Amino acid sequence: MQLNRKDFPEDFLFGTATSSYQIEGHAFGGAGRTHWDDYADTPGNVVRAENGATACDHYHRYAEDLDLVAAAGFDAYRFSISWARVLPEGRGTPNREGLDFYDRLTDAMLERGLKPYATLYHWELPSALADLGGWRNRDIAHWFGDFTETIMRRLGDRIDTVATINEPWCVAWLGHFLGGHAPGLRDIRAAARAMHHVLLAHGRAIEVMRGLGMDGLGGVFNLEWAHPADDSEEAYEAAARYDGIYNRWFMGGVFKGQYPDIVLEGLAPHMPEGWQDDMGLISQPLDWCGINYYTRKLLAPAKGPWPSLQEVRGILPKTYMDWEIYPEGLLNFLERTASEYTGDLPIYVTENGMASHDDPVAGEVQDEHRIAFIEAHLADVRRALARGVPVKGYFVWSLLDNYEWSFGYDKRFGLVHVDFDTLARTPKASYHALKRALTGE
């Protein structure tokens, strides 16, 4: 890796990221059932019907994993908190074992000089709340606010930053319109409600944490650059609709208090009554903005009902997720986010990484492709900085190979290889390259 820490501002922060259900082992510590357990138990939803019951057993091995984070020279560790571990029924009596675990985890980060960057929700909705309609039910904003207060009264004095809901597009659209994530619905009415309620819950959580006297509060948005598949007007319109659904709906709601008209054309008839009155709560000021970026999409028109678009396979090199490698999209989003939505607000690249085949050979994992991927994206972060974008940090996804949702344990994003039979950890070549770049060792 040619780039190193000295190529970035002195206060630029480097970190790595994980999420609770993907690594902790949900069978441990009194955690409640989640809609991901239900989704995985439904035939055809997840590769080999795998779930997060054991995952990487981070619940018991967190000290070993945090040692790896610290040894690599990272400044911060981005982790998420399982709602169902803290409140097994989604509300009511907290699980003492769950609260104690996150206490230990936070203290362990601080002991190693790592800044704790917490995320309140990374997709593991308690099944008991799913039974009540989950993200389709307006009451979820209040349930999420109560969960936020429960965990942040315990941890808030030791957390550097808190993000509310990781990748709201995945929660709402992927899970309720495309059916590719839990709860696995393909229902435009459910999707419209989830698209709004996920942001309403975000707003309520921010309100609760401000009431606790907290700062360092932000939102994390997954963004995909939308390109028209050809030069036709129809393709440009399809790309604009995709951009509206995927990117501008959530950024616009949070930072402008408004949804894009190009999306309301399809969703307005299905929105919950009085949604306009919620925009003030949704658009409260934040302290920072997080961008998760992986790829771009090529869009073309399609026959049929709104949104009347389809993805077209591109010609660029692809990761094992079959996602095109397009670092320029990260530069585009960093510039657009600052110029159109956030102004001088600090921006973090809160996730960036790639999946690949990573099989150990003679006890080593040579993943030069991942090194090239990370370096190419960091180069575009530098370009954004040179153009005046206030980018303050970059987090690699992910520390560990883990449970990759509907793909089970088949897609490996980690800097560290995990043998899912023995749970042995083996740092990959990318881990060692980043360590040299960050520490000089």
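Let me begin by describing the structure that accompanies this report. (Residues numbered from 1 in each chain as written. Predicted model: local features only at pLDDT ≥ 70, side-chain atom pairs only at ≥ 80, totals over all residues. Heavy atoms only, no water.)

1. So, the overall build of the chain
At step 1: A tally of regular secondary structure across the chain gives 15 helices and 11 strands.
At step 2: With the C-alpha coordinates of the chain rotated into their principal frame, the extents come out at 55 × 55 × 45 Å.
At step 3: Summarising the internal contacts of the chain: among those between residues at least 6 apart in sequence, 76% fall at separations of at least 24.
At step 4: Within the structure as shown, the chain displays about 16400 Å² of accessible surface, and the carbon and sulfur contribution to it stands at 47%.
At step 5: Distance between charge centres in the chain, computed from 42 positive and 64 negative side chains, equals 0 Å. (Helix = DSSP H or I, 4+ residues; strand = E, 2+ residues; numbered from the N terminus. Contact = heavy atoms within 4.5 Å. Areas by Shrake-Rupley, 256 points an atom, 1.4 Å probe, with all protein chains shown as cover. Lys, Arg positive; Asp, Glu negative; His and termini not counted. Charge placed at Lys NZ, Arg CZ, Asp CG, Glu CD.)

2. Some remarks on the layout of surface pockets
At step 1: The computed volume of the largest pocket comes to approximately 940 Å³.
At step 2: Around the largest pocket, the lining comprises 43 residues; the ones closest to its centre are Trp169, Leu174, Glu224, Tyr246 and Lys297.
At step 3: Secondary-structure elements contributing two or more residues to the lining of the largest pocket are helix H8 (168–176), strand E5 (217–228), helix H10 (233–256), strand E6 (288–301) and strand E7 (309–312).
At step 4: For the lining of the largest pocket, the element with the highest residue contribution is E6, accounting for 5 residues.
At step 5: For the lining of the largest pocket, the residue count by class is 24 nonpolar, 11 polar and 8 charged. (1 Å grid on protein atoms, 1.4 Å probe; cavity = no way out; pocket = protein on both sides within 12 Å on 5 of 7 lines; lining within 4 Å. Points joined across faces, edges and corners; volume = space filled by probe spheres on them. Nonpolar A, V, L, I, M, F, W, Y, C, P; charged D, E, K, R; others polar.)

3. Thoughts on the environment of Leu299
At step 1: With respect to the helices, strands and loops of the structure, Leu299 is situated in strand E6.
At step 2: Between the alpha carbons of Leu299 and Asp230 there is a distance of 8.4 Å; along the sequence they are 69 residues apart.
At step 3: In this structure, Leu299 is in contact with Ala226, His227, Pro228, Ala229, Ala235, Ala238, Ala239, Tyr242, Leu309, Gln310 and Glu311, ignoring residues within four places of it in sequence.

4. A few points about the pattern of salt bridges
If the charged atoms of two oppositely charged side chains come close together, the side chains can form a pair.
At step 1: All told, the structure shown has 34 salt bridges when counted by the stated rule.
At step 2: Two residues, Arg138 and Asp278, come together in a salt bridge whose shortest N-O distance is 2.8 Å. A residue pair is termed long-range when its members are at least 10 positions apart, and Arg138 in the loop between helix H6 (127–130) and helix H7 (140–155) and Asp278 in the loop between helix H11 (261–267) and helix H12 (279–282) qualify at 140 residues.
At step 3: Several salt bridges share partner residues, and in doing so they unite Asp100, Asp103, Asp107, Arg154, Asp157 and Arg158 into one network. (Salt bridge = Lys/Arg side-chain N within 4 Å of Asp/Glu carboxyl O.)

5. A short note on the nonpolar core
At step 1: With 128 residues, the main nonpolar core has Ile81, Trp83, Trp135, Ile151, Trp249 and Leu334 as its most contacted residues.
At step 2: No other element matches the 11 residues that helix H9 (residues 188–211) contributes to this core.
At step 3: Counting residues in each nonpolar core, the second largest holds 8 residues, with Tyr117, Val220, Trp288 and Tyr348 among its members. (Core = buried A, V, L, I, M, F, W, Y, C linked by side-chain atoms within 4.5 Å. Buried < 20%, exposed > 50% of the residue type's maximum accessible area, 1.4 Å probe, protein only.)

6. Digging into unusual backbone geometry
At step 1: Cis geometry marks the peptide bond from Ala182 to Pro183, where omega comes out at 10 degrees.
At step 2: Tracing the sequence through the fold places Pro183 in the loop between H8 and H9.
At step 3: Of note, the bond from Trp397 into Ser398 is cis; its omega dihedral lies within 30 degrees of zero at 5 degrees.
At step 4: Relative to the helices and strands, Ser398 resides in the loop between strand E9 (391–397) and strand E10 (416–418).
At step 5: Here the phi dihedral of Ser308 falls at roughly 55 degrees; this positive angle occurs in a residue that is not glycine.
At step 6: With respect to the element layout, Ser308 can be found in the loop between E6 and E7.
At step 7: Within the chain, Leu423 stands out as a residue other than glycine whose phi angle is a positive 65 degrees.
At step 8: Of note, Leu423 is situated in the loop between E10 and strand E11 (425–427).

7. Observations regarding helix H15 (residues 429–439)
At step 1: Inspection of H15 places Ala429, Ser430, Tyr431, Ala433, Leu434, Ala437 and Leu438 among the buried residues, and these make up the whole buried set.
At step 2: Once H15 finishes, Gly440 follows within two positions and takes phi at roughly 80 degrees, a positive value.

8. Thoughts on the environment of Ser19
At step 1: Mapped onto the fold, Ser19 is located in the loop between strand E1 (13–17) and helix H1 (20–23).
At step 2: Look at Ser19 and you get buried, because its relative accessible area is 1%.
At step 3: The spacing of Ser19 and Val312 is 293 residues in sequence and 30 Å in space, taken between C-alpha atoms.
At step 4: Those residues in contact with Ser19, other than ones at most four positions away along the chain, are Ser80, His122, Trp397 and Trp405.

9. Here we look at a negative patch on the surface
At step 1: A cluster of like negative charges, contributed by Asp230, Asp231, Glu233, Glu234 and Glu237, occupies part of the molecular surface.
At step 2: Along the chain, the position of Glu234 falls in helix H10.
At step 3: On the basis of relative accessibility, which here comes to 43%, the residue Glu234 falls in the partly exposed class. (Patch = residues over 30% accessible without salt bridge, like charges linked within 9 Å, V, L, I, M, F, W, Y side chains within 5 Å.)

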